[in-house]
Amino acid sequence: MYKRLAIALSAALVLGLQVRATPTGVAQFVSETKWQQNEDWFGGFSAIEVLNDGRKYIALTDHGRLVQGRMVRENQDLQSVKIDSSTALNNSKGIAPKNQRQDTEGLAVRRDGQLFISLEGIHQVRAYARASGNAMEYPRHADFAKLQDNGSLEALAIDDRNRLYTLPESSATDARGMPVYRLENGVWSQPFFLSRSRRYEPVGADFGPDGKFYLLERKFTLFGFRSRIRSFVFDANGVASEQAVLETAAGEHDNLEGLSVWRDDTGALRLTMVSDDNFMFFQSTEIVEYLVPGKA
């Protein structure tokens, strides 16, 4: 399976160089920064959170490693990424599994620093008081048992009331749309659905400082990856409004999976994304940033 995927990705990325086009939507491209390190564990980034007005970050790999460090900027724009620490995450028994894929995909950070991780392989959300601590495992929603092994809880976000939101990557058989699951006071609910279109699948999410829910979606085509970001306003009845923020052409960026929405020192809203290179030599780890102008 991995050989077939590698061949498909290689062909797509080569073809993708020929079809780059200007992204659409209100977001404006700022920068694309290659991130390279020599450590054996480096790669496979699935989530990112930008902190301290863009000066620090926390990132997650899908092999269960949490990375923390600094973002070096000049006039707000990213120049390089530095690693201060990397930690192999423990399970609830205090064990950091070796030589196996953990499928840690989603990351959310509470204001007090508590970390939340969603796992795709076992359809679960965990909490960490600190990166080096043991996991606290939340109970699963009844629907999680029916999720696909390679298509479940990729995206994770936390709102200003400390409620966690997640949704499965693959739910194409549900005519109602993409089910959103919410964890509040340790109890799961499934309050509403998000619209689905054009075979995009959700891979990352974040609540912005404007209170909106931002959803990063991905589609793989013959010409490479396409990425899309939509923003939603939620109310007591579900989705109150939806806006198209960004849609890239095939091959414009690599496999963007993680999203963080934040304000820089000028007050501008920024979208920072990280790509998952799937530990394949012909892909790359990229930090991509866009600016959302005005009141978008």
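Look up: the structure comes first, before these words.
Residues numbered from 1 in each chain as written. Predicted model: local features only at pLDDT ≥ 70, side-chain atom pairs only at ≥ 80, totals over all residues. Heavy atoms only, no water.

Topic: the pairing of strand E16 (residues 224-235)
Put simply, the rule is: Burial here depends on accessible area, computed with a 1.4 Å probe over protein chains only, as a share of the maximum for the residue type. Under 20% is buried, over 50% is exposed, and the range in between is partly exposed. Helix and strand definitions here come from DSSP, where helices need a minimum of 4 consecutive H or I residues and strands a minimum of 2 consecutive E residues; each element is numbered from the N-terminal end. Strands are treated as partners if at least two bridges between them are detected by DSSP.
The element E16 is extensively covered by neighbouring structure, given that nine of its twelve residues are classed as buried. The loop that links strand E15 (residues 213-221) with its antiparallel partner E16 comprises two residues. Sheet topology note: the E16/strand E17 (residues 238-247) ladder contains eight bridges and is antiparallel. Each bridged residue has a counterpart across the sheet, and for Arg-230 the counterpart in E17 is Ala-244. Hairpin connection from E16 to E17: two residues lie between these consecutive antiparallel strands.

Observations concerning the sheet that holds strand E1 (residues 28-34)
Put simply, the test is: Throughout, an axis means a line fitted to C-alpha atoms (over the contacting stretch in the case of helices), and angles, computed between N-to-C directions, take values from 0 to 180 degrees.
One open sheet accounts for four strands, arranged E1-E20-E19-E18; its pairing is antiparallel. Each of the sheet's edge strands pairs with one partner strand only, and the pair in question is E1 and strand E18 (256-263). For this sheet, the mean inter-axis angle between neighbouring strands, taken without regard to orientation, is 20 degrees. Pairing of E1 with strand E20 (residues 286-292), which is carried by six bridges, proceeds in the antiparallel orientation.

Some remarks on the side chain of Ser-118
Rules: N or O atoms closer than or at 3.5 Å make up a polar contact, with two conditions inside protein: a donor-capable atom paired with an acceptor-capable one, and, for residues adjacent in sequence, both atoms drawn from side chains. Residues count as neighbours in contact if any of their non-hydrogen atoms are within 4.5 Å of one another.
Examined against the element boundaries, Ser-118 turns out to sit in strand E7 (residues 115-119). Engagement of the side chain of Ser-118 in a polar contact is seen with the backbone nitrogen of Gly-106, the distance being 3.0 Å. Residues within four places of Ser-118 in sequence aside, it is in contact with Asp-103, Thr-104, Glu-105, Gly-106, Gln-124, Val-125, Leu-153, Glu-154, Ala-155 and Leu-156.

Focus: the layout of surface pockets
Just so we agree on the cut-off: Cavities and pockets are found on a 1 Å grid laid over the protein atoms alone: a cavity is a set of points where a 1.4 Å probe fits but cannot escape, a pocket is an open set with protein on both sides within 12 Å along at least five of seven lines, and a lining residue has an atom within 4 Å of such a point. Grid points are joined across faces, edges and corners, and a volume is the space filled by probe spheres set on the points. Charged means Asp, Glu, Lys or Arg here, nonpolar means Ala, Val, Leu, Ile, Met, Phe, Trp, Tyr, Cys or Pro, and polar covers whatever is left, Gly included.
If you add up the space inside the largest pocket, you get close to 790 Å³. Taken together, 37 residues form the lining of the largest pocket, with Ile-158, Asp-159, Asp-160, Phe-207 and Gly-208 sitting closest to its centre. For the lining of the largest pocket, the secondary-structure elements that each account for two or more residues are strand E2 (45-51), strand E6 (104-109), strand E13 (187-194), strand E14 (201-207), E16 and E18. Its residues assigned to classes, the lining of the largest pocket shows 17 nonpolar, seven polar and 13 charged.

What about the pattern of salt bridges?
Stated formally: By salt bridge we mean one thing: a side-chain nitrogen of Lys or Arg within 4 Å of a carboxyl oxygen of Asp or Glu.
Counted by the stated rule, this structure contains 20 salt bridges. The salt bridge involving Lys-34 is made with Glu-286; its shortest N-O contact spans 2.8 Å. With Lys-34 in strand E1 and Glu-286 in strand E20, the pair connects residues that are 252 residues apart, well separated along the chain. Within this structure, Arg-73, Asp-77, Asp-264, Arg-270 and Glu-289 form a network of salt bridges that share partners.

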